[in-house]
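Coordinates in review
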Amino acid sequence: MKFTQKVLQLVLLEGKLEWKNKQSVTALFIYSFSSIFVTYLAFQQTIDLTTWNSLFWIILLFASTNAIAKSFLQDSKGLQLFYYSMFSPKQLILAKTLYNQILLIGLSLINFLIFQLVFPIAIYQIGQYLLSLILGAIGLSTVLTLVAGIVSKANNNAALLAILGFPLLFPLLSIIIQCSMNAINGFDWMVNQQLFIVLISLNLITILLSYLLFPYLWRD
Amino acid sequence: MDSFYKNKIARAWWWKIIAIFCLVYTCYYGFIGKVPAMVVLHETIRNLYFHVTMWMAMMLMMLINAIYSIKYLSSLNKYDDLVAEESGKMAMVFSAAGLITGMVWANYTWGAPWTNDPQLNGTAATILMYAAYFILRNAIPDENKKAKIASVYAIFAFVMMFVFIMVIPKMYNSLHPGKGGNPGFNKYDLDSNMRMVFYPAVIGWCLLGTWLMSLNVRIRRIEEITEEN
């Protein structure tokens, strides 16, 4: 398939560009480490499970907003022109979304390990927790990638990403926090099943919507 | 060229008469009509005509906003975008009105104006979404670009809002009737006397919202024409 080949090519290109300029991805990890450390100093290791979970997701929300803010804003005019001439908008949004999903899954897993290191807690259903982590990272990156595309066409104001993106993320975050809390408390798979189904369908809807809507943004 | 303005129904007078009639009827029978004696609700059940109907009108305005945003993307007709913008504004007005009437009601029946209820959180999120929509509109100076980008955001926001208001509250416990094990109004609260007022109230408020929206659209058109000359 030519379409998938081009998308994968674009994902690789994004990765190579990121690798060439390691500064931005390092800055991203430093950002989330220092926010975790600030919470560690503020809470002094006395933290209950609900606070643990909420803090984790809030830190991840801000880190991912920062991570994805650069996905369109960082591209130079020349690079945008190159994308415009070489790839169709549908290939571009799929590739950007896929790349950001990989980036955010990595970021959330590393965040999780560090959070466990400074605030060690026992998670009874670790499999369910990791699943909700991955689905949450996919959802966050999909919504924020489209919003970053919108923002890149509107004055490139980074604060606009948070204003436009957060209200769209409320439904996702409320399900995710519920889901991961259930996993921490060790509820059975049956309890969380419905939430996971809603989560997966929400992710599918957002991917489909950004696939359909992005071409209208890109055509100038 | 201008689908909404040329639309005969938008300029017809008969549905505006129906709107006025329904609202006068609602206000009259809403305050003096017979209501069933309920345990916690007492006379506050009359708020049904003014609170629930606000949501219906808000939903209608959001639906118009989403439909005209889709229409704009397929036609690129700037008047479609005008309708989308003005219906978005009316949706904000109705959501604020619905929130205030709901908070007054909640204060007397649930004991606090704001509770951690999925429906309330959904509403707050919706208001933020539409506020963000207008911030986005004001951030882009170019007219065509603004319309295109705002339409994309509006469609995305409508779907997310729909999930948050319609799907998620079904999964959690809510203090609202008909959810989380609470009996719905239509089970026994809403007797036939109340139905006689409730349905005209829904029609009346929805028509009033459409009327105000179409007036705003026409004012904007007149402004554009006078600026051109």
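Described in the following lines is the structure provided in the data block. (Residues numbered from 1 in each chain as written. Chains lettered and ligands numbered in written order. Predicted model: local features only at pLDDT ≥ 70, side-chain atom pairs only at ≥ 80, totals over all residues. Heavy atoms only, no water.)

Our focus in this paragraph is the overall build of chain A. A tally of helices and strands in chain A yields eight helices and zero strands. Whereas a compact globule of 220 residues would reach a radius of gyration of roughly 17 Å, chain A reaches 18 Å, a difference of no more than 12%. Split into buried and exposed, the 220 residues of chain A put 50% on the buried side. Of the contacts formed within chain A by residues at least 6 apart in sequence, a portion of 84% connects residues at least 24 apart. Counting only carbon and sulfur atoms, one obtains 69% of the accessible surface of chain A, whose full area is about 10,100 Å². Of the side-chain charges in chain A, 11 are positive and 6 negative, and the distance between the mean point of each set is 16 Å. (Helix = DSSP H or I, 4+ residues; strand = E, 2+ residues; numbered from the N terminus. Rg over C-alpha atoms; globule rule 2.2 N^0.38 Å. Buried < 20%, exposed > 50% of the residue type's maximum accessible area, 1.4 Å probe, protein only. Contact = heavy atoms within 4.5 Å. Areas by Shrake-Rupley, 256 points an atom, 1.4 Å probe, with all protein chains shown as cover. Lys, Arg positive; Asp, Glu negative; His and termini not counted. Charge placed at Lys NZ, Arg CZ, Asp CG, Glu CD.)

Turning next to a nonpolar patch on the surface. All names here are of chain B. Together, I9, W13, W14, I17, I18 and I203 line one region of the surface with nonpolar side chains, adding up to about 670 Å² of accessible area. With three residues, helix α3 (residues 14-32) is the largest single contributor of residues to the nonpolar patch. I203 sits in the partly exposed class, given a relative accessible area of 43%. (Patch = residues over 30% accessible without salt bridge, like charges linked within 9 Å, V, L, I, M, F, W, Y side chains within 5 Å. Salt bridge = Lys/Arg side-chain N within 4 Å of Asp/Glu carboxyl O.)

So, on to the packing of helix α5 (residues 78-109) of chain B against helix α6 (residues 118-139) of chain B. Helix-helix packing is characterised by the crossing angle of the two axes and by the distance between the axes. Residues and elements named next belong to chain B. Closest axis-to-axis distance for the α5/α6 pair is 10 Å, and the angle between their directions is 145°. Note that α5 runs across α6; the crossing there is left-handed. When α5 is examined against α6, the residues D81, A84, E85, G88, K89, M92, S95 and L99 are found in contact with a partner set consisting of L120, T123, I127, Y130, A131, Y133, F134 and R137. (Axes fitted to C-alpha atoms, helices over the stretch in contact; angles between N-to-C directions. Left-handed = near helix turned anticlockwise from the far one by under 90°.)

Another point: the interface of chain A and chain B. Contacts between chain A and chain B engage 28 residues on the former and 25 residues on the latter. Contact between chain A and chain B buries roughly 2,600 Å² in total, counting both sides, with carbon and sulfur atoms accounting for 83%. Considering only the side of chain A, the residues that lose the most area to chain B are A:L168, A:L213 and A:Y216, jointly responsible for 21% of the buried surface there. Between chain A and chain B we count zero salt bridges in total. Contributions of two or more residues to the side of chain A that touches chain B are made by α6 (126-152), α7 (158-185) and α8 (189-218) of chain A. Grouping the amino acids of the side of chain A that touches chain B by side-chain chemistry returns 20 nonpolar, five polar and three charged. (Buried area = accessible area lost by both parts, 1.4 Å probe. Nonpolar A, V, L, I, M, F, W, Y, C, P; charged D, E, K, R; others polar.)

Of note, B:K146 is situated in helix α7 (residues 143-171). Take B:K146: its relative accessible area is 15%, and that puts it in the buried class.

A few words on the pattern of salt bridges. Residues and elements named next belong to chain B. Within this structure, the stated rule accounts for nine salt bridges over all chains. One salt bridge in this structure joins E224 and K78, with 3.7 Å as the shortest N-O distance. Of this pair, E224 sits in helix α9 (residues 192-228) while K78 sits in helix α5, and the two are 146 residues apart along the sequence. Taking the relative accessible area as the measure of exposure, E224 reaches 22% and is therefore partly exposed.

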